[in-house]
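# Residue-level structure breakdown
Here's the letter readout for the chains.
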Amino acid sequence: MAVIDSALSSPANEKDAKALQFIEELTRNADSVQEKILAEILIRNSGVEYLKRFNLDGATDRDTFKSKLPVVTYEDLQPDIQRIANGDRSKIFSSHPISEFLTSSGTSAGERKLMPTIADELDRRQLLYSLLMPVMNLYVPGLEKGKGLYFLFIKAETKTPGGLVARPVLTSYYKSEHFKNRPFDPYNVYTSPNETILCTDSFQSMYSQMLCGLIMREEVLRVGAVFASGLLRAIRFLQLNWNQLVLDISTGTLNPKLTDSAIRDSISKLLKPNPELANFITKQCSDENWEGIITRIWPNTKYLDVIVTGAMAQYIPTLEYYSGGLPMACTMYASSECYFGLNLNPMCKPSDVCYTIMPNMAYFEFLPHDPSSAHALSRDSPPRLVDLADLEIGKEYELVITTYAGLYRYRVGDILLVVGFHNSAPKFKFVRRKNVLLSIDADKTDESELQKAIENASLLLQEFNTSVVEYTSFADTKTIPGHYVIYWELLVKDPANSPPEEVLNQCCLAMEEKMNTVYRQGRVADNSIGPLEIRVVQNGTFEELMDYAISRGASINQYKVPRCVSFTPIMELLDSRVVSKHFSPSLPQWTPERRR
């Protein structure tokens, strides 16, 4: 178990020294900073409708705040959020105008959640970004002498009926002046020109960023993407498109599929005929063995900068294979609702990644998490939440936040394990998202969504007098992109009229049509999720599964079929009983959400 630590080591320069001193001061005085932040939020938003509703208008002390305001979920706030989306400009949550909505990767009723935000939240997010490299420079010297090859993308955005933009938090950041006109920093130079990141066409954006990375391959000191899955998609893209990329580099002419004029203008300044580089890339990419391809093409890479915690941990072995075992740095912890904190030891092993919450980002509370309890919260008997400085090492908590933008005692849904302290600020391991069953990329599918998808697909089996007896699932990340695999055991009442292969393929598509909008966007627009697969298993397979669980100590009276599996012996048992495999034959329906 980690212990209390303090004092970040010697900074690389005076600017870094100030940043590290700022971190030290925040974490040494975590509780007093938190008290001050809560008072600031309540004073600033004094008079807003939401606080008046609970008779909290003017009080700034913690006890009054906790006694009057309920702990809430998105569904509790949705009616008020919808009012804002529809054009209500009154001060509902925040005294500052709502500038836009940030769309969460979580969903409510199948649609992305809308998180109201205000203009100066960008300043807070930028502040956290500014602390990343001073920390990294403690562990990896010389990063100012090269560049970062980062695969960064913007995603679809919409407008609400009231005219506010709704878009993912990173799209908001990349399109902001904070990012587009950021001051030069030798520690933060990217190979990708802004124009390649800001292109809405995912193929053109990926192609142009990969091309720039190849041209500047010897200058690259770090390779990254937001999620591990995104970096693996980039490697797969290179596998599929290296021939054309080599042609561009060899001739100095740009692929005609790149029609975006801003991209063409920015890359024309970089692209010159380079047959020697083209030959080198051809030699590396034509080799069937792609082990260590990242360090073979970008030999000076010191680490990968990707999130490999939570659902992304499933990609670690594949990243190790392609990178030749490079360290993987998870640098920060953030969400659409709020940016939370930093990993103060970013070069640790993925299994040891923990984050220190910066107590100036929001007011944080923690709901003790009992895995055996659903923690049903009622407004009549609110739970006793724990403050940031009072957490206990070794215990799990659900994160609850109060933000400047007007989320009050909001359950984020992240389950965190306290593993130690940096000064007086706790360090957390991210355990999981609450109630998430399957995840490949930004998608999050829970058990009820999977159940509805299977019910929809089952309708196609009715004319064959066939039904789904049992099912389970797993996220297959050995393919790139990864995809959902659903194991079905079927009851076929008339073997002479069993459902044919094309019907079972259509069952895959019928499931996808019932998945949430984040999943379908990943399938259709982002190419981040592959076609759903159904594996039909022999009759009696799920009884064998129960027998196996009981042999390992499960109670026969309490045994429930797991709706998602990852334990290798169980996977092997299921796969040994597969009688047929079926894939979705086409893409599900998806268009950017029209906000009602």
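Above: the structure in question.
Below, the structure is looked at part by part. Bear in mind that the values here come from a model prediction, so they are computed numbers and not experimental data. (Residues numbered from 1 in each chain as written. Predicted model: local features only at pLDDT ≥ 70, side-chain atom pairs only at ≥ 80, totals over all residues. Heavy atoms only, no water.)

### Quick look at the overall build of the protein chain
In terms of regular secondary structure, the protein chain is built from 20 helices and 23 strands. Taking 2.2 N^0.38 as the reference for a compact globule, 596 residues should give roughly 25 Å; the C-alpha atoms of the protein chain span a radius of gyration of 25 Å, in line with that estimate. Along the first, second and third principal axes, the C-alpha atoms of the protein chain reach 75 × 70 × 50 Å. For the protein chain, contacts bridging at least 24 residues in sequence account for 70% of all contacts bridging at least 6. (Helix = DSSP H or I, 4+ residues; strand = E, 2+ residues; numbered from the N terminus. Rg over C-alpha atoms; globule rule 2.2 N^0.38 Å. Contact = heavy atoms within 4.5 Å.)

### So, the pairing of strand E16 (residues 410–422)
Along E16, 12 of the 13 residues are buried, which leaves the element largely enclosed by surrounding structure. Inspection of the sheet shows strand E15 (residues 396–402) paired to E16 by 5 bridges, in the antiparallel sense. Counterpart to valine 400 in the pairing with E16 is arginine 411. As paired strands, E16 and strand E17 (residues 425–433) are joined by 8 bridges and run antiparallel to one another. Bridging across to E17, glycine 420 finds its partner in lysine 427. (Buried < 20%, exposed > 50% of the residue type's maximum accessible area, 1.4 Å probe, protein only. Pairing = 2+ DSSP bridges.)

### What about helix H13 (residues 275–286)?
Its 12 residues give H13 an end-to-end C-alpha distance of 16 Å, which sits within 8% of 16 Å, the value for a rise of 1.5 Å per residue. When we look at burial in H13, the residues that qualify are Leu277, Ala278, Ile281, Gln284 and Cys285. The buried residues of H13 occupy one face: seen down the axis, they fall within an arc of 130 degrees. Turned more than 90 degrees away from the buried face of H13 sit Glu276, Asn279 and Lys283, all of them exposed. Next to the buried residues of H13 lie helix H10 (202–215), helix H11 (228–251) and helix H14 (293–297). (Expected span 1.5 Å × (residues − 1). Arc of directions from axis to C-beta.)

### Quick notes on the sheet that holds strand E7 (residues 220–227)
With respect to topology, 4 strands assemble into an open sheet ordered E4-E7-E8-E9, the strand pairing being parallel. Of all strands in the sheet, those with a lone pairing partner are strand E4 (147–151) and strand E9 (328–329), marking the two edges. Two elements, E7 and strand E8 (residues 303–307), share 4 bridges in a ladder whose sense is parallel. Its bridge partner lying in E8, valine 223 is registered against leucine 304.

### Regarding the packing of H10 against H11
The interhelical angle for the contact between H10 and H11, taken along N-to-C directions, is 70 degrees, at an axis separation of 9 Å. By the angle between their directions, the pair H10 and H11 is classed as roughly perpendicular. Relative to H11, H10 is oriented so that their crossing is right-handed. Between H10 and H11, the contacting residues are Phe203, Met206, Tyr207, Met210, Leu211, Leu214 and Ile215 on the first element and Arg233, Ala234, Phe237, Leu238, Asn241, Gln244, Leu245, Asp248 and Ile249 on the second. Here the residues of the contact of H10 with H11 sort into 12 nonpolar, 2 polar and 2 charged. (Axes fitted to C-alpha atoms, helices over the stretch in contact; angles between N-to-C directions. Parallel < 35°, antiparallel > 145°, perpendicular 65-115°, else oblique. Left-handed = near helix turned anticlockwise from the far one by under 90°. Nonpolar A, V, L, I, M, F, W, Y, C, P; charged D, E, K, R; others polar.)

### Thoughts on the environment of tyrosine 50
Here tyrosine 50 is to be found in helix H3 (residues 49–53). When the C-alpha atoms of tyrosine 50 and phenylalanine 93 are compared, they prove to be 5.6 Å apart, with 43 residues separating the residues in sequence. Sequence-distant contacts of tyrosine 50, that is, excluding residues within four places in its chain, are made with Leu69, Pro70, Val72, Leu77, Asp80, Ile92, Phe93 and Tyr408.

### Comments concerning the pattern of salt bridges
Charged atoms that come close allow side chains of opposite charge to pair. Counted by the stated rule, this structure contains 33 salt bridges. A salt bridge links arginine 124 to aspartate 120, with the nearest nitrogen and oxygen atoms 2.8 Å apart. The exposure class of arginine 124 is buried, given its relative accessible area of 13%. As a salt-bridge pair, aspartate 476 and arginine 535 come within 3.7 Å of each other at their nearest N and O atoms. A residue pair is termed long-range when its members are at least 10 positions apart, and aspartate 476 in strand E20 (residues 466–476) and arginine 535 in strand E22 (residues 533–537) qualify at 59 residues. Here arginine 535 falls in the buried class, since its relative accessible area comes to 7%. (Salt bridge = Lys/Arg side-chain N within 4 Å of Asp/Glu carboxyl O.)

### Examining the sheet that holds strand E23 (residues 578–583)
Read from one edge to the other, the open sheet built from 4 strands follows the order E20-E21-E22-E23, with strand pairing classed as mixed. Here the strands that pair on one side only, and so sit at the sheet edges, are E20 and E23. Going across the sheet, the axis of each strand differs from the next one's by a mean of 25 degrees, ignoring polarity. Here E22 runs beside E23; their pairing, made up of 5 bridges, is antiparallel.

### A closer look at unusual backbone geometry
For the bond running from isoleucine 480 to proline 481, omega is 0 degrees, close enough to zero to count as cis. Position of proline 481 among the secondary structure elements: in the loop between E20 and strand E21 (483–492). The phi dihedral of asparagine 423 is positive, around 55 degrees, even though this residue is not glycine. Along the chain, asparagine 423 falls in the loop between E16 and E17. Unlike most non-glycine residues, asparagine 465 shows phi in positive territory, near 55 degrees.

### Quick word on the nonpolar core
Judged by nonpolar contacts, the single largest core of 169 residues is most densely connected at Leu238, Phe364, Phe366, Leu399, Trp488 and Met511. With 11 residues, H11 is the largest single contributor of residues to this core. Grouped together as the second largest cluster of nonpolar side chains are 12 residues, Phe474, Tyr487, Leu573 and Leu574 included. (Core = buried A, V, L, I, M, F, W, Y, C linked by side-chain atoms within 4.5 Å.)

### Describing the packing of aromatic side chains
Taken as a whole and assessed by the stated rule, the structure comprises 22 aromatic pairs. Centroid distance tyrosine 50 to phenylalanine 54: 5.2 Å. Interplanar angle 65 degrees. Geometry classified as edge-to-face. What makes tyrosine 50 buried here is its relative accessible area of 3%. When the ring centre of tyrosine 404 is taken as reference, the NZ or CZ atom of arginine 124 above it lies at 3.9 Å. We note arginine 563 situated over the ring of tyrosine 471; from NZ or CZ to the ring centre the distance is 4.1 Å. (Phe/Tyr/Trp six-rings, centres within 6.5 Å; stacked < 30°, edge-to-face > 60°. Lys NZ or Arg CZ within 6 Å of the ring centre and 35° of its normal.)

### Describing the packing of helix H16 (residues 447–458) against helix H17 (residues 501–513)
Contact geometry of H16 with H17 gives a least axis separation of 8 Å together with a crossing angle of 140 degrees. Of the possible angle classes, the one that applies to H16 and H17 is oblique. Crossing geometry of H16 relative to H17 is assigned as right-handed. Here H16 contributes Leu450, Ala453, Ile454, Asn456 and Ala457 to the contact with H17, which in turn contributes Cys507, Ala510 and Met511. Residue composition of the contact of H16 with H17, grouped by class: 7 nonpolar, 1 polar and no charged.

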